[in-house]
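Commentary on secondary and tertiary structure
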Amino acid sequence: MLAKIACDNFAKKRPDGIFALHEGNMRETMWRLPVAAMFGVGTRMARHLHRLGIATIGELAQYPLEKLQRMWGIPGHVLWMTANGIDHSPVSPASHETQKAIGHHMTLPKDYHLRADIETVLLELSEEVCRRARSKGLMGRVAAVGCRGADFDRPSGFYRQTTLPEPTHHAPDLYRAVRRLFERHWDGEPVRSVGVTLTGLVPDDTYQLDLFRDREKERRLAEAMDAIKAKYGAAAIMRAVSATAAGQAKERAVKIGGHYK
């Protein structure tokens with residue numbers, strides 16, 4: 001949680017993209033941030049904290065723990081611990097060896113109203129998710145899509161998933177699945193953020209042959225595109241639809257974590 005706070009509020013805004021948050025500088029850096037900047041504090045929780053007179057992370061850190069526990073129980077205790085830089089969860093190099101999902105989420109620069117525009121973003125997200133899956137030697141058998149509106153006081157959106165006929169890391173397969181899910185569950189409300197996820201991960205060294213498609217050729221093509229992007233940048237090669245007004249791939253290529261480099 002502390003790494004997330006340091007990344008979002010400091011590292012992304014530095015030219016080298018690196019920031020060290022530690023006990024020695026926490027009071028001068030993290031504690032001065034507004035409480036809403038802390039990971040785990042949403043719009044509603046921020047309003048509750050403001051009513052208690054808590055405006056910054058430092059003020060939350062110094063608020064009596066007993067009162068937070070009395071109001072919110074364990075979640076209140078966790079918020080206090082995070083504000084004080086306390087996290088007992090272990091850090092292990094093996095944490096990613098049992099990866100359960102590969103996903104990519106995008107906050108859009110404005111509300112998207114048209115299904116065709118949203119489908120453009122779904123395709124871009126599917127491309128990125130599958131590229132990451134290939135880089136890890138994985139395929140997924142479950143596709144998921146989620147979206148959310150801009151008004152957090154009146155939440156809208158959904159998260160749905162479907163099982164694929166067979167595991168894949170081929171972007172068109174994933175895109176077709178999430179597009180169908182989106183068409184089925186979207187209520188027509190404006191969308192401000194959207195995400196695509198691949199779960200049920202399995203190694204990609206074995207897959208079912210198909211009489212009606214050359215999966216090995218598809219794989220070689222995808223890997224060639226991955227190599228071009230790795231050498232020349234994410235925007236070096238992309239689908240034509242990404243050049244439309246709705247596309248975000250080119251714009252995202254010049255950012256780190258959604259922020260300009």
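Overview of the structure. Just so we're clear, the structure is a prediction, and the values are computed from it rather than from any experiment.

Applying the stated criterion across every chain, the model contains 14 salt bridges. Notably, a salt bridge pairs Arg-115 with Glu-119, separated by 3.5 Å at the nearest N-O pair. Placement of both Arg-115 and Glu-119 in helix 6 (residues 115-135) is noted, with a separation of 4 residues, approximately one turn of the helix. Judged by its relative accessible area of 13%, Glu-119 is buried. Several salt bridges converge on common partners, so that one network encompasses Asp-173, Arg-176, Arg-213 and Glu-218.

Let us now look at the sheet that holds strand 2 (residues 138-148). Read across the open sheet, the 4 strands follow the order 1-4-2-3; overall the sheet is antiparallel. If you trace the sheet from one side to the other, it starts and ends with strand 1 (101-112) and strand 3 (157-168), each paired once. Looking at each pair of strands side by side, their axes are set apart by 15° on average, direction ignored. Of the strand pairs in this sheet, strand 2 and strand 3 are connected by 8 bridges, and their pairing is antiparallel. Residue pairing across strands places Cys-147 opposite Phe-158, the latter belonging to strand 3. Where helix 6 meets the sheet, its contacts fall on strand 1, strand 2 and strand 4 (191-203), and the angle it forms with strand 1 comes to roughly 155°.

Core analysis: the largest hydrophobic core is formed by 32 residues, its most contacted members being Leu-122, Val-145, Leu-174, Phe-182, Val-191, Val-194 and Val-196. Mapped by element, the contributors of at least two residues to this core are strand 1, helix 6, strand 2, strand 3, helix 7 (171-185) and strand 4. Broken down by element, this core gets its largest block of residues, 8 residues, from helix 6. In terms of nonpolar packing, the next biggest core, distinct from the first, is built from 23 residues, Ile-5, Leu-33, Ala-61 and Met-81 among them.

A contiguous nonpolar patch, built from Met-1, Phe-39, Ile-74 and Val-78 and spanning about 370 Å² of accessible area, is present on the exposed surface. Summarising the element assignment, Met-1 is placed in the segment before helix 1 (2-9). Of the residues examined, Met-1 reaches a relative accessible area of 37% and is grouped as partly exposed.

Within the secondary structure layout, Glu-124 lies in helix 6. At 2.9 Å, the side chain of Glu-124 forms a polar contact with the backbone nitrogen of Gln-248. A polar contact of 3.1 Å, which involves the side chain of Glu-124, links it to the backbone nitrogen of Ala-249. Leaving out residues up to four positions away in the same chain, Glu-124 has contacts with Met-106, Ser-242, Gly-247, Gln-248 and Ala-249.

How each quantity is defined
Residues numbered from 1 in each chain as written. Predicted model: local features only at pLDDT ≥ 70, side-chain atom pairs only at ≥ 80, totals over all residues. Heavy atoms only, no water. Salt bridge = Lys/Arg side-chain N within 4 Å of Asp/Glu carboxyl O. Helix = DSSP H or I, 4+ residues; strand = E, 2+ residues; numbered from the N terminus. Buried < 20%, exposed > 50% of the residue type's maximum accessible area, 1.4 Å probe, protein only. Pairing = 2+ DSSP bridges. Axes fitted to C-alpha atoms, helices over the stretch in contact; angles between N-to-C directions. Contact = heavy atoms within 4.5 Å. Core = buried A, V, L, I, M, F, W, Y, C linked by side-chain atoms within 4.5 Å. Patch = residues over 30% accessible without salt bridge, like charges linked within 9 Å, V, L, I, M, F, W, Y side chains within 5 Å. Areas by Shrake-Rupley, 256 points an atom, 1.4 Å probe, with all protein chains shown as cover. Polar contact = N/O pair within 3.5 Å; in protein donor to acceptor, adjacent residues only side chain to side chain.

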